[in-house]
Amino acid sequence: MAIEQPATRPVTKPVAVPANPRFSSGPCAKIPTFDLTMLADAPLGRSHRAAPGKAKLLEAIDTTRDVLGVPADYRIGIVPASDTGAFEMAMWSLLGERPVEMVAWESFGAGWVTDVVKQLKIEAQVHTAEYGEIVDMAALNYDNDVCFTWNGTTSGVRMPNGDTIPADRAGLTLCDATSAAFAMDLPWDKLDVTSFSWQKVLGGEAAHGMLILSPRAVERLENYTPAWPLPKIFRLTKGGKLNEGIFKGETINTPSMLCVEDYLQALDWAKSVGGLKGLIARADASTKAIADFVDAHDWIDFLATDPATRSNTSVCLKFTDDRIQDGAAFAKAVAKRLEAEGAALDVGAYRDAPPGLRIWCGGTVETADIEAMLPWLAWAFETEINA
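Residues numbered from 1 in each chain as written. Predicted model: local features only at pLDDT ≥ 70, side-chain atom pairs only at ≥ 80, totals over all residues. Heavy atoms only, no water.

**Describing the pattern of salt bridges**
Then step 1. This structure, assessed with the given rule, holds 16 salt bridges.
Then step 2. Taking the shortest distance from any N to any O, the salt bridge between Arg-75 and Glu-244 comes out at 2.6 Å. Of this pair, Arg-75 sits in strand E1 (residues 75-80) while Glu-244 sits in the loop between strand E11 (241-242) and helix H5 (257-272), and the two are 169 residues apart along the sequence.
Then step 3. For Glu-244, a relative accessible area of 28% puts it in the partly exposed group.
Then step 4. For the salt bridge of Glu-384 with Arg-337, the shortest nitrogen-to-oxygen distance reads 2.7 Å. Taken as a pair, Glu-384 in helix H8 (residues 367-386) and Arg-337 in helix H7 (residues 327-340) lie far apart in primary sequence, 47 residues in all.
Then step 5. Exposure remark for Arg-337: the relative accessible area of 25% places this residue in the partly exposed category.
Then step 6. Ionic contacts of the salt-bridge type, sharing partners, join the residues Glu-97, Arg-98, Asp-145 and Arg-220 into one network. (Salt bridge = Lys/Arg side-chain N within 4 Å of Asp/Glu carboxyl O. Helix = DSSP H or I, 4+ residues; strand = E, 2+ residues; numbered from the N terminus. Buried < 20%, exposed > 50% of the residue type's maximum accessible area, 1.4 Å probe, protein only.)

Structure follows, in structure tokens:
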């Protein structure tokens, strides 16, 4: 028999709102110093193949290497169609030489499973976990290729580290790191293919993806030809050799030089706050503010069941009060109240995820804004539960 909960006392409506209430998980908040005048040096109306454009693109690649600590013998390329395009390019170009271990614990990983099993029709073992949990990565066969997301943008669950990936693996590891790059310490020696987009942790503009290849991945590209035809925008080789131009800023299709300039400004800002360590510290501080709030309120919890695997970027929360009859409707109502008050924008859970909230805490978000938002979250919950 359910125990009747006492009526919740209304809380006083907060006064101060976050200076920047943008907590969307993509596109994410711009860098705190952003101003349109920062983009004045973009070579607009110029060919991206002209000297100024090529120099900007190469600078974006070199600075990415510097900030992320990517090894010198890894290739970094700017490719079309955001993280999705980068990861699809990798799967279609590299997979098929051996069986694949497909790993999914949220919606984007599930999408990669669909592509491999139903589109490429490669022999695959599929490993899945429910939202809030993670696959046992130690149980995989690393003599096969392995495809996985480092951080579940829609589940708030991340890899705690790369310790379970063996150094002497025979297969390649393909990692979708779009909500992890610039906020988590990625072990490059355990990753053969890594993809991410500009629109996540550094708050860049959409449609551009980054593809990072280890020497092992390059060797595969030059010694294996997939059985299926490849569209032009997926082709990473030319005449059986790696198309090195892609990794020097000679993009496959036309990039937006305005977006490139925006990314360069974000990279400069990242260096100004301490580079990767500084970005991680900023994300951790915002996530801790939410963790302290969760600890102090018994009606809300993290979707991630294990603290060791909680994301420090896409922080996913669930309401746990047993008075809530319709979880989806309640969570949407709370998010709507937060938006109406200018306290938090775009914090509803992803459409395929369990009902709740998703609050972005990547490095471009100020912890002070998270702290200013949390009293509004308490107010919105109490107001909605009383309603």
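More follows now that the structure is in view.
**Focus on H5**
Each full turn of the α-helix corresponds to 3.6 residues, which orients residues three or four apart in the same direction.
Then step 1. Taking 1.5 Å per residue, 16 residues should reach 22 Å; H5 reaches 23 Å between its end C-alpha atoms and fits that length.
Then step 2. By the criterion of burial, H5 is predominantly enclosed, with twelve of the 16 residues buried.
Then step 3. Among the structural elements, helix H1 (51-68), strand E8 (193-197), strand E9 (208-213) and helix H6 (275-296) are those in contact with the buried residues of H5.
Then step 4. In the stretch just after H5, Gly-274 is the one whose phi turns positive, near 105°. (Expected span 1.5 Å × (residues − 1). Contact = heavy atoms within 4.5 Å.)

**Quick notes on the nonpolar core**
Then step 1. Membership of the largest hydrophobic core comes to 91 residues, with the highest contact counts inside it found for Phe-148, Phe-182, Ile-290, Phe-319, Ile-370 and Leu-377.
Then step 2. Among the elements that line this core, the one with the most residues is H8, at ten residues.
Then step 3. Excluding residues within four positions of it along the chain, Ile-290 makes contact with Phe-302, Val-315, Leu-317, Ile-359, Cys-361, Ile-370 and Leu-374.
Then step 4. Among the nonpolar cores identified, the runner-up in size contains 33 residues, and Ala-86, Trp-112, Val-116 and Trp-228 belong to it. (Core = buried A, V, L, I, M, F, W, Y, C linked by side-chain atoms within 4.5 Å.)

**Observations regarding the pairing of strand E4 (residues 145-149)**
Then step 1. Among the five residues in E4, five count as buried, and that is most of the element.
Then step 2. Neither face of E4 is exposed, since Asp-145, Cys-147 and Thr-149 on one face and Val-146 and Phe-148 on the opposite face are all buried.
Then step 3. Summarising the sheet, strand E2 (residues 100-104) and E4 pair through three bridges and their orientation is parallel. Paired with Glu-101 across the strands is Val-146, a residue of E4.
Then step 4. Where E4 lies against strand E7 (residues 173-176), four bridges are found, and the strand directions are parallel. (Pairing = 2+ DSSP bridges.)

**Examining the sheet that holds strand E13 (residues 314-319)**
Then step 1. Pairing within the open sheet is antiparallel, and its three strands lie in the order E12-E13-E14. This sheet does not close on itself; its edge strands, each paired only once, are strand E12 (300-302) and strand E14 (357-360). Here the strands of the sheet are splayed against their neighbours by 35° on average, with no regard to which way each runs.
Then step 2. Alignment of E13 against E14, held across four bridges, turns out to be antiparallel. Along E14, the bridge assignment pairs Leu-317 with Leu-357.
Then step 3. Across the sheet, H6 lies against E12, E13 and E14, angled at about 135° from E12, the strand it touches most.
Then step 4. This element, H8, spans E12, E13 and E14 of the sheet and lies at about 170° to E14. (Axes fitted to C-alpha atoms, helices over the stretch in contact; angles between N-to-C directions.)

**Observations regarding the environment of Arg-65**
Then step 1. When you line up the elements, Arg-65 lands in helix H1.
Then step 2. When near neighbours in sequence (up to four residues on either side) are disregarded, Arg-65 contacts Val-70, Pro-71, Ala-72, Tyr-74, Arg-75 and Ile-76.
Then step 3. One polar contact links the side chain of Arg-65 to the main-chain carbonyl oxygen of Tyr-74, over a distance of 2.9 Å. (Polar contact = N/O pair within 3.5 Å; in protein donor to acceptor, adjacent residues only side chain to side chain.)

**Some remarks on the sheet that holds E2**
Then step 1. On the basis of which strands lie adjacent, the open sheet formed by seven strands has the order E1-E9-E8-E7-E4-E2-E3 and mixed pairing. A single partner strand is all that each edge strand has here, and the edge strands are E1 and strand E3 (124-128). Pairwise comparison of adjacent strand axes, ignoring direction, gives a mean angle of 15° for this sheet.
Then step 2. Running over the sheet, helix H4 (residues 215-223) touches E1, E4, E8 and E9 and is turned about 95° from E9.

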